[in-house]
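# Observations on the model geometry
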Amino acid sequence: MKTIALAAGMIAPPSTKKETRLQQDSWQGSLWLAPDFAILHGAVGATASHAHYAHQLMLSTGAPFMAELDGKLHTAQHLLVESLRPHAILSAPAPMLTIYAEPQRLSGAALLAAVGSAGAPSLDNLAAALQAQPREHLPDPRLRRALDKVDALLSGKVSATVIAEAAHLSLSQVERLFSAQLGLPVRQLVLWRRLRLAIRFILLGSTLTDAAHGAGFADAAHFSRTMRSLFGVRADRSLRQLNVKLLD
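In short, a report on the structure. (Residues numbered from 1 in each chain as written. Predicted model: local features only at pLDDT ≥ 70, side-chain atom pairs only at ≥ 80, totals over all residues. Heavy atoms only, no water.)

A few words now on the pattern of salt bridges. All told, the structure shown has seven salt bridges when counted by the stated rule. One salt bridge connects Arg135 with Asp36, and the closest N-O pair in it is separated by 2.9 Å. Of this pair, Arg135 sits in the loop between helix H3 (123-132) and helix H4 (141-153) while Asp36 is found in the loop between strand E3 (28-33) and strand E4 (37-43), placing the two residues 99 residues apart along the sequence. Each member of the pair Arg135 and Asp36 is classed as buried. Notably, a salt bridge pairs Glu102 with Arg196, separated by 3.3 Å at the nearest N-O pair. Separated by 94 residues along the polypeptide, Glu102 in the loop between strand E10 (96-101) and helix H2 (108-117) and Arg196 in helix H7 (residues 186-203) bring together distant segments of the chain. Owing to a relative accessible area of 29%, Arg196 belongs among the partly exposed residues under this scheme. Salt bridges here are not isolated pairs; linked through shared partners, they connect Asp36, Arg105 and Arg135. (Salt bridge = Lys/Arg side-chain N within 4 Å of Asp/Glu carboxyl O. Helix = DSSP H or I, 4+ residues; strand = E, 2+ residues; numbered from the N terminus. Buried < 20%, exposed > 50% of the residue type's maximum accessible area, 1.4 Å probe, protein only.)

See below:
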């Protein structure tokens, strides 16, 4: 997978890393949440280095931002980071439009196409352009059955054995299927979907503890560690100042 800078930028020397890192990690603004993508518009705080399953496309509405990608520092106004690429936001002086998309439904190329067709970048334009993009579909019905079972079990224990039975596969076969077609082993895919569900609960008003339990985490601390690991920010500081709109 490739990490693509859409606008000309420069690679900053490693010595500037600590100087440019923001001191806060809160996000502020509006978040539009669809079943397979989300768009965040507003102030973006610093993140620790992290890698998550979603494709991420960052668009500055003004001055360039600084980000770390695979250990290198870049300054740009537009940047695509595809699924599972290590990255961090170090400095974002202007409000940002940031798109997150589920990789089995929308490719990095689809995000670029949506931005290209949206005209002036805005929440309305980007949401309409993303909704108009064709979706990718999992060709293997066994994998679709397995993912349906994962989602049905997220509030409690998710057993790999039960997932394998739903897909009519052995444990080793279902692990190979997830790794080959989704890019993640079963356990990590379940963790990603738990995190996605817990974030949704918090955005809709649940407490950190209730969201964690509702998504099947052992406790709020487990959820917070996962949020920090996969998004590089603290859940208690990053989700409370967002105005949320749900899209069909």
